Each structure stands twice: as structure tokens, then as C-alpha cells.
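Fold and contact review
Chain residues, written in single-letter form:
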Amino acid sequence: MSKTIMSKPTTNNIMIKGATTIAILAALTGCQTLPSTEIKKPNNIVVDSNPLTAAMPAIDRQGHIAYVEEQGVGSAKVSTLYSIRPDGSDRQRIDQITGYIYAPAWSADGQLLAYSKQAPREHPKIYMYDKSSKTRNLVVNAEGSNMSASFSPDGQYLLYSSTVGGNADIYKMRLSDGKTEQLTTLPSTEVQPSYAADGKSFVYTSDKVRAGRPRIYRYHFATGKSVSVPTNGYVASPQLSVDGQRMAYLNGRKAAVMTLTTGQVINLAETGLDEPARLSPSGKYAVYPTRHSKISGQVGGQSLGRQKGGDLVIHSLSGNMSYAINSQNGGVVRSPIWGR
């Protein structure tokens, strides 16, 4: 059963009262090697290209990967949100904060990017970045934890999890006027919603069967009911491919991709980061972060053997080939998401 909440927007801010903070469920990474060839880009930035990049469908190759790079620890931690093309070119800084940035998510057309930002001694708030105007607007500001935004395919709604009611639940907001509907009402933890491409359902993480042992569920808007997605063990952070055939998620301590019709699972890597893999727009590639890359093929003009920070790893799900993109400043790389 769902509840409807009216929230009045005020100058790009939508205020929702709430409480408490929730932990983030997430994933890991790693793979094989692919030699790279250095080329010159028109903007005179030297990057690396390779056969894997050249073979990508245009929808993937021309898209942007948003990700977070963290430097420092504790109160000195600085988080920077970047976007970059899959060939390692056109790296742009979107936002930066002394604190944390969590879970960026692209709109279906690749024009808007939603993400959570948390300054010291404040709760996570959801912001929206417009790629065309290069502006950032505050969208959800509650006293609790506001996380894991996901755009509807038509861009009219935003799913997210919040502890506004004292418990971690999933909400649906109409972006035009801020009208907000609470979709889950259980005493358990419901987080990490991610829309299906047809807009009729979404997948999410819940520990309603056993506290601390999350499972993945699919919520159907037509019925307001959820069904379990068959998986084994500790799983979290689901994302469906555009064609609905695959699901990227955290499988225990591994970044993984499952073919839903067969249940076949590709475990990509275990690298010690709580981060899942994320699928490319075509669903044929996956990107994940790694703290210590062992992949020799790379882009970005640096040797992975000398790289102290993290990398983005891009893996072909059909060709079993991978390459890495270096972090900008040797920081820890987190939360990559691949948009158009």
C-alpha cells in the first residue's frame, strides 16, 4: 500500500521532514587485459584507445560515465563528481564537496544527473545536474538520509530511498510539482530503487525476510506489490539493462551481471570496494570501480602499475575483455554509472 505526500517546491528546493541515517549497500570489481594504442584527440588531450572501445555501439561509445573520486579520510575527505567518455576523453568535473557524494544516476536521455551529497554533520540531500545548462539544483532535502535516485524513463518522476518517516523506504516524486508518494511501508529496510526501462516496475533491495541479509525485489506499479528476484546469498544494488534481459548487482563481495531468463551469473571481480557493476546503455558492457587494478590495458596516459588510486574498469560481457580508466588524482573511485 502506498501513501501520497504533497511537498511544496520552493526555488528549486523540495523540502521533506525526516530523521535518521541509513547505511549504503553496494559492490566490487576486476577483470582481464586488453592492449591499448595511444592516439591524439581533437582537443589535444592524449588518451588511449583500443579495439574494445572501437567495437562499442555508438550509444555506448558516445555516452558519458559519471563517477565519484574520493581523497582524504574522515572530516578531511573530499569527494568529486566527474563525467568521462568510455575512451577516457572529455573528463569534466561536475561537483565537489568536503564530505561525500553518493550514487549518481543519469536520466534516460543523458541530460540530467541526480546524486546525493552529504556535507559534514548534515544529512544526504539529492541534487540534480543539468548537462546543457551546467546548473545544479537541490531536489530532496529531508532531515533523514536521501539516497539512490532513479529517473523514470520519461524523466517525469524520481524514485529514491529516504528515512523521512524514521525508516528506510522508497518514494516516488513527480518532478514538475514535488508531489511525493511513499511506495514501501514495511518496518524493514527498502533502498536502492532502479527503474525498469518500460516504467512499469523497478528493482530494489530489502532485508524484509531477514535483517542484515538483503535480497532483490521487483515492485510492479500496476499492483503495488513486490516479487523476489531469484538470487543466492547476500545481494544488493540492482540495475536492469534497457532491454530488461540483464541485471547488474552486488553478488556477495563481487560485482556481477545476471541474465534474468537463464539465471546465469557473470561474477566480474572482488576488489574490496562496496560497489556493484553498472551496465552500458546497450547492455553489452559493464563498468565497475576497483581500488587496485591488475589490468594492463588502460587509458588515460598513466601506467596502472604506478597508479596508487583507483580505476574504472570497462568489461565486454560477450568478449571477456577489459580495460581501465585511471582516476584523475589518484583517489578512490566509486559509483560509476553509464549514460547516453
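None of these values were measured; they are calculated from a predicted model.

**Overview of the overall build of the protein chain**
- A count of helical and extended segments in the protein chain gives two helices and 30 strands.
- Counting only residues that meet the buried cut, the protein chain has 53% of its 340 residues in that class.
- Long-range contacts, defined as pairs at least 24 residues apart, comprise 46% of the intrachain contacts of the protein chain with a sequence gap of at least 6.
- For the protein chain, the accessible surface area stands at approximately 14700 Å², while carbon and sulfur atoms represent 48% of it.

**Describing the confidence of the model for the protein chain**
- Residues at a pLDDT of 70 or more form 79% of the protein chain, whose mean pLDDT is 84.
- Confidence drops under a pLDDT of 50 for residues 3–48, and excluding neighbours within four residues, the segment shows 162 contacts in the predicted structure.
- Confidence over residues 298–307 falls short of pLDDT 50; this stretch has 31 contacts with residues more than four positions distant or in other chains.

**Side note on the nonpolar core**
- Counting 14 residues, the largest nonpolar core has Leu-81, Ile-101, Leu-113 and Tyr-115 as its most contacted members.
- When contributions to this core are tallied by element, the ones reaching two or more residues are strand E6 (64–71), strand E8 (92–98), strand E9 (100–106), strand E10 (112–118) and strand E11 (125–130).
- Setting aside chain neighbours within four positions, we find Leu-113 in contact with Ala-66, Leu-81, Ile-94, Pro-104, Ala-105, Trp-106, Tyr-127, Met-128, Tyr-129, Phe-151 and Ile-337.

**Notes on the environment of Asp-177**
- Inspection of the secondary structure assignment puts Asp-177 in the loop between strand E15 (169–174) and strand E16 (180–182).
- On the accessibility criterion, Asp-177 (26% relative accessible area) is partly exposed.
- Only 2.7 Å separates the side chain of Asp-177 from the side chain of Arg-174, close enough to count as a polar contact.

**A short note on the pairing of E11**
- The buried count for E11 comes to five of six residues, which makes it a mostly enclosed element.
- In terms of strand pairing, E10 meets E11 through six bridges, oriented antiparallel. Residue pairing for E11: Leu-112 is matched across the bridge by Asp-130.
- Turn length for the E10-E11 hairpin, with the two strands adjacent in sequence and antiparallel, is six residues, and the turn residue Arg-121 shows positive phi of about 65 degrees.
- In terms of strand pairing, E11 meets strand E12 (residues 135–140) through five bridges, oriented antiparallel. Across the sheet, the residue bridging to Ile-126 is Val-140, located in E12.
- Where E11 folds back onto E12 in an antiparallel hairpin, the turn is made up of four residues, including Lys-134, whose phi is positive at roughly 55 degrees.

Parameters at a glance
- Residues numbered from 1 in each chain as written.
- Predicted model: local features only at pLDDT ≥ 70, side-chain atom pairs only at ≥ 80, totals over all residues.
- Heavy atoms only, no water.
- Helix = DSSP H or I, 4+ residues; strand = E, 2+ residues; numbered from the N terminus.
- Buried < 20%, exposed > 50% of the residue type's maximum accessible area, 1.4 Å probe, protein only.
- Contact = heavy atoms within 4.5 Å.
- Areas by Shrake-Rupley, 256 points an atom, 1.4 Å probe, with all protein chains shown as cover.
- pLDDT = per-residue confidence, 0-100.
- Core = buried A, V, L, I, M, F, W, Y, C linked by side-chain atoms within 4.5 Å.
- Polar contact = N/O pair within 3.5 Å; in protein donor to acceptor, adjacent residues only side chain to side chain.
- Pairing = 2+ DSSP bridges.

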